[in-house]
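# Survey of secondary and tertiary structure
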Amino acid sequence: MRYDFDKPTERLHSHCVKWDTLKDESILPLWVADMDFEVSQPIKDAVLRRAEHGIFGYVAVPPCYYDSVVGWFARRHNWHFTSADILYTTGVVPAVTMVLKALTQPGDGVIIQPPVYNCFFTNVKNAGCRLVENNLVYENNTYHIDFEDLERKASDPSVKAMLICNPHNPACRVWSREELEHMVAICLKHGLAIVADEIHCEFTYGEYHYTPIASLSPEVAKHTVTCCSASKAFNIAGLHMANIVTVNSEWRERIAEHLACCEVHEVNPFGVDATIAAFNESEDWLVQMLDYVYGNYQVLKEFFEKNLPHLGVTKLEGTYLAWIDCRSLGKTSDELVKELEEKGKVLLNSGSIYGKAGEGFLRVNMACQRARLVEALNRIKPYLE
Ligand SMILES: Cc1ncc(COP(=O)(O)O)c(C=O)c1O
C-alpha cells in the first residue's frame, strides 16, 4: 500500500504530550520523539478491531505476539532468538531501569555516553547506581567514541554495566560493527553487563545499518540485555509495549522478578495487537516513512547550509532527530529554546537535557509533514542568524 506522509494531520486536543502541553496553540512542536504521521493501515485496523470488541480486561500476551517479535528481528536484522528469551513491559524506559536494578547493586557505576537520551541519566539514578560518563567526541559534524577514556572507566572495579544507545539518540550515529565490537570487548574484558537500548533500531539511512549488539556473537549475547519495541518505529509509543531480550536465563529470571516487584509487567490489549500488526504487516509503511523522513533531513540540511551556514547540522546516520551545533551563537541551549519558543513559535529540545556534552546544541524532531518542517525552519531562521 502507498502512504501519503504529506497528508496533514491534526493532533491538537488529542491529549498528546507533543501538541497539547504547549504554552499556546500557535507554537509548532518539533520536540518530543513521536511522529505526526498516522500509523499503518494494519495497525489502525488491529486497534479498531480490538476497540470494537468492547471489553478491555487484563491481558494474556499470546504466543503470536512473541512470534511477531522473533520473526521481525530474524527477517529484518538477522538476529535470532526465541520466544523464551523475551520479557515484556510497558516501555523501554522502565525496561532499562528494571534491567539495571536486576544486574547491579546500589552504588555501582554504570557507563553512559553523553550527549545521550535524557532518561539514561534518570535510569541510572533510579536504579540506585552511579553515573560514569564516557563523553562522545564531536568533530566535523559527527561523533566518535573516546575508547581510551572508555577503557579507563570500565577498568574501575566499581563499574558494573554499560548502557549503550544503538543507534544513538541524539548523536545521530548508527554504531558500526567495528565500533560495537570494540565497545563490547572492553565490557567483556572488565566484566561489565551490556544493556542495549535499541529502540531506534529501524531508523537507519543509506549505507548505515543497525547491528543488534546481541547478534555479534554467542558470548556477547550471554552478557547483553536488549531493550526494544515497535513503539518508536511505528509511532505507537502511547500504547506502552516494549520487550526485554536476553538469552541469559539467570539474568532473565532476575529481571522478571524486578518487573513483577515494581508492578510493570502488566500491559494493555492495544499495545499487544498493534505490535503484532506492526511487525507482521507494516514493513511497507516503515520503508516509505524512512524514505520520507530522510527527505526531510535533506531539506533541513540544505536550509541550514543556505541560510544558517554558521550552524552545524550533524550528519544523520540514524534516528529522526536532527542535532544542530549552535555553539557559535554564544548562547546556552536553554536560552535558544526559550527565544525560539516565545518569539519564533517553534518548540525544540534543548541540548542541555542530554548532559553537559549537549550544551549549545538543539534537537529537531523531523518526523512531521514536510510543509510543517519548512514552516518551522522559516520561523526559527531570524533568531539563529
Ligand atoms: C533511546 C531512547 N530510549 C527510550 C525511549 C522511550 O522509550 P519508551 O517510550 O518505550 O519508554 C526513547 C524515546 O525517545 C529513546 O530515545
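Residues numbered from 1 in each chain as written. Predicted model: local features only at pLDDT ≥ 70, side-chain atom pairs only at ≥ 80, totals over all residues. Heavy atoms only, no water.

## Concerning the overall build of the protein chain
- Each helix and strand counted, the protein chain has 14 helices and 15 strands in total.
- Whereas a compact globule of 385 residues would reach a radius of gyration of roughly 21 Å, the protein chain reaches 20 Å, a difference of no more than 12%.
- Expressed along its principal axes, the backbone C-alpha trace of the protein chain runs to roughly 55 × 55 × 35 Å.
- Counting over 385 residues, the protein chain shows a buried share of 58%.
- The long-range share in the protein chain, meaning contacts at least 24 apart out of those at least 6 apart in sequence, stands at 74%.
- Here the protein chain displays about 15,900 Å² of accessible surface, and carbon together with sulfur accounts for 52% of that area.
- Distance between charge centroids for the protein chain: 3 Å, based on 37 positive and 51 negative side chains. (Helix = DSSP H or I, 4+ residues; strand = E, 2+ residues; numbered from the N terminus. Rg over C-alpha atoms; globule rule 2.2 N^0.38 Å. Buried < 20%, exposed > 50% of the residue type's maximum accessible area, 1.4 Å probe, protein only. Contact = heavy atoms within 4.5 Å. Areas by Shrake-Rupley, 256 points an atom, 1.4 Å probe, with all protein chains shown as cover. Lys, Arg positive; Asp, Glu negative; His and termini not counted. Charge placed at Lys NZ, Arg CZ, Asp CG, Glu CD.)

## Some points on the domain arrangement of the protein chain
- Here the protein chain is partitioned into domain 1 (17-41 + 283-384) and domain 2 (56-281).
- Across the boundary between the two partners, domain 1 contributes 34 residues, which contact 33 residues of domain 2.
- Where domain 1 abuts domain 2, roughly 3,000 Å² becomes buried across the two surfaces, and 60% of that area is made up of carbon and sulfur atoms.
- If you sort the residues of domain 1 by the area they bury against domain 2, Glu283, Glu317 and Thr319 come out on top, with a joint share of 24%. (Domains from an automatic or database assignment. Buried area = accessible area lost by both parts, 1.4 Å probe.)

## So, the sheet that holds strand S3 (residues 109-112)
- What the seven strands build is an open sheet, ordered S2-S10-S9-S8-S7-S3-S4; its pairing is mixed. Strands at the two margins of the open sheet, each flanked by one partner only, are strand S2 (86-89) and strand S4 (130-133). Going from strand to strand, the sheet's axes swing by 25 degrees on average, the running direction of each strand aside.
- Across five bridges, strand S7 (residues 159-165) lies against strand S8 (residues 193-197) in parallel orientation. Note that in S8 the partner of isoleucine 164 across the bridge is alanine 196. (Pairing = 2+ DSSP bridges. Axes fitted to C-alpha atoms, helices over the stretch in contact; angles between N-to-C directions.)

## Digging into the pattern of salt bridges
- Applying the stated rule across the entire model yields 29 salt bridges.
- Between glutamate 151 and lysine 189 there is a salt bridge, with its nearest N and O atoms 2.8 Å apart. Residue glutamate 151 is located in helix H6 (residues 147-154), and its partner lysine 189 is located in helix H7 (residues 177-189); the two are separated by 38 residues in the primary sequence.
- According to the relative accessible area criterion, glutamate 151 is partly exposed, its value standing at 25%.
- Residue class for lysine 189 comes out exposed when judged on its relative accessible area of 58%.
- Glutamate 339 is the salt-bridge partner of lysine 331, the closest N and O atoms lying 3.0 Å from each other.
- Residue classification places lysine 331 among the partly exposed positions, given a relative accessible area of 33%. (Salt bridge = Lys/Arg side-chain N within 4 Å of Asp/Glu carboxyl O.)

## Re the side chain of threonine 211
- Assignment of secondary structure puts threonine 211 in the loop between S8 and helix H8 (218-222).
- When sequence neighbours within four positions are dropped, the list of residues in contact with threonine 211 reads Asn166, Arg177, Leu180, Glu198 and Leu216.

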